[in-house]
Amino acid sequence: MDESQWLLERFEEDRTRLRAVAYRMLGSASEADDAVQETWLRLSRADTGEVGNLGGWLTTVVARVCLNMLRTRASRREEPLDVPGRQDGPPVAPREGEYDPEEEAVLADSVGLALLVVLDTLAPAERLAFVLHDMFAVPFGEIAPMIERSPAAARQLASRARRRVKGASPVPEADLARRRHVVEAFLAASRRGNFEALLALLDSGVILRADRSAGPTPVPLTLHGAQRVAKGASVAAGRGRFTRPALVNGSPGLVMAPGGRLFLVLAFTIVDDRITGIDIIADADRLGRVEVAVLDA
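Residues numbered from 1 in each chain as written. Predicted model: local features only at pLDDT ≥ 70, side-chain atom pairs only at ≥ 80, totals over all residues. Heavy atoms only, no water.

### Re the pairing of strand β4 (residues 251-256)
Regular strands show a simple pattern: their side chains alternate between the two faces of the sheet.
Consideration 1: Summarising burial for β4: six of the six residues are buried, a large majority.
Consideration 2: Side chains of β4 alternate between two faces, with Ser251, Gly253 and Val255 and Pro252, Leu254 and Met256 buried alike.
Consideration 3: Strand direction decides the pairing type here: strand β3 (residues 243-248) and β4, joined by six bridges, are antiparallel. Considered in β4, the bridge of proline 245 is made with leucine 254.
Consideration 4: Inspection of the sheet shows β4 paired to strand β5 (residues 264-271) by four bridges, in the antiparallel sense. For glycine 253, the partnering residue across the bridge sits in β5 and is alanine 267. (Buried < 20%, exposed > 50% of the residue type's maximum accessible area, 1.4 Å probe, protein only. Helix = DSSP H or I, 4+ residues; strand = E, 2+ residues; numbered from the N terminus. Pairing = 2+ DSSP bridges.)

### Section: the pattern of salt bridges
Consideration 1: Taken as a whole, this structure holds 16 salt bridges when the rule is applied.
Consideration 2: Across the pair glutamate 13 and arginine 10 runs a salt bridge, and its minimum N-O distance is 3.3 Å. Taken as a pair, glutamate 13 and arginine 10 lie in helix α1 (residues 3-26) at a separation of three residues, close to a single helical turn.
Consideration 3: Notably, a salt bridge pairs arginine 73 with aspartate 120, separated by 3.4 Å at the nearest N-O pair. Note that arginine 73 is positioned in helix α3 (residues 54-75) and aspartate 120 in helix α5 (residues 113-121), a separation of 47 residues in sequence. Accessibility assignment for this pair places arginine 73 and aspartate 120 in one class, buried. (Salt bridge = Lys/Arg side-chain N within 4 Å of Asp/Glu carboxyl O.)

### Description of the confidence of the model for the chain
Consideration 1: Across the chain, pLDDT averages 84, with 86% of residues at or above 70.
Consideration 2: Mean pLDDT across the elements of the chain bottoms out in helix α4 (residues 101-111) (75) and peaks in strand β6 (residues 274-281) (96). (pLDDT = per-residue confidence, 0-100.)

### Quick notes on the sheet that holds β3
Consideration 1: A sheet is described by the order of its strands in space; here seven strands give the open sequence β2-β1-β6-β5-β4-β3-β7, paired in mixed fashion. Since the sheet does not close on itself, it has two edges, and those belong to β2 (221-224) and β7 (292-293), each with one partner.

### So, α5
Residue pairs three or four apart in sequence face the same way in an α-helix, which turns once every 3.6 residues.
Consideration 1: The element α5 is largely enclosed, with a buried count of eight among its nine residues.
Consideration 2: Those residues of α5 that fall on the buried side of the exposure criterion are Leu113, Ala114, Leu115, Leu116, Val117, Val118, Leu119 and Asp120.

### Observations regarding the packing of helix α7 (residues 140-147) against helix α8 (residues 151-166)
Consideration 1: Contact geometry of α7 with α8 gives a least axis separation of 8 Å together with a crossing angle of 90°. With respect to their mutual orientation, α7 and α8 come out roughly perpendicular. Across the interface between the two elements, Phe140, Gly141, Ile143, Ala144 and Ile147 of α7 pack against Pro151, Ala154, Arg155, Leu157 and Ala158 of α8.
Consideration 2: Across the contact of α7 with α8, the residue classes tally to eight nonpolar, one polar and one charged. (Axes fitted to C-alpha atoms, helices over the stretch in contact; angles between N-to-C directions. Parallel < 35°, antiparallel > 145°, perpendicular 65-115°, else oblique. Contact = heavy atoms within 4.5 Å. Nonpolar A, V, L, I, M, F, W, Y, C, P; charged D, E, K, R; others polar.)

### Quick word on the nonpolar core
Consideration 1: Formed by 59 residues in total, the largest nonpolar core has its most connected members in Met25, Leu128, Leu132, Ile143, Ile147, Val265 and Val292.
Consideration 2: Examining the composition of this core, we find that nine residues originate from one element, α3, more than from any other.
Consideration 3: With residues near it in sequence (within four places) discarded, valine 292 still touches Val117, Val118, Arg164, Ala246, Leu247, Val255, Leu262 and Val265.
Consideration 4: Leu187, Leu202, Leu254 and Ile278 belong to the second-largest nonpolar core, a separate cluster that totals 30 residues. (Core = buried A, V, L, I, M, F, W, Y, C linked by side-chain atoms within 4.5 Å.)

### Concerning unusual backbone geometry
Consideration 1: At alanine 137, a residue that is not glycine, the phi angle is positive and equals roughly 55°.
Consideration 2: Relative to the helices and strands, alanine 137 resides in the loop between α6 (124-136) and α7.

In structure tokens, the structure reads:
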């Protein structure tokens, strides 16, 4: 077996792990594939004769490729595009290029959609330090050169990211669990389009406010009453694919994030286990001020 064939076989052995690293770094299956392909190209051109740990070398390369992609993304932040013809609320927006929503949904579930949303808010160096150390057990001594920091600084970046991921809630633990149960029941009923189940969760005087509606000219939208809110939620079942529970401003809510990018959040007001208010936030400026964190299992 010649050297190029050996390298290809070794790379294929590591491909799944490299894609896992890249997906957690980038939050997009297509971008993760691009990063893995670039890693292979760099391997095929490199002199690896003196590389003692090829797996570690590949991890370093794919992490640096992802870091560059994140920095480029940050300098030209992409905004989602509306899907024409959607009339059932703020539309799901795929990323540009080839996009497999089923694969994205499976990958997001495997990692945690709320986690991807939080990771997307981190600075590139924070994201790299947290992903490599907390998810793939890469020592800070190996992470530090990738971000041109000391090991101590890399540790601080990961710690800061960890605090963002975990978040904090002023809600007592018992109330937090009860509110989460209501929110998860609302999501389940919405996905099934179960009008009666939605009515059972909504207060008769519930008010839904959205800072933008669907259509070519988005405008604010307000719905009053359980019947209207339940009807609106039941016809929007298709949005549930990319919607998952999360901690939204310290209380259980829902986040929609096609391609791992935060597109909208639903914040709930819950009194005596009934939903009295729903705020749908889709405006980019308002989304930037929303604190999202991961709800503990």
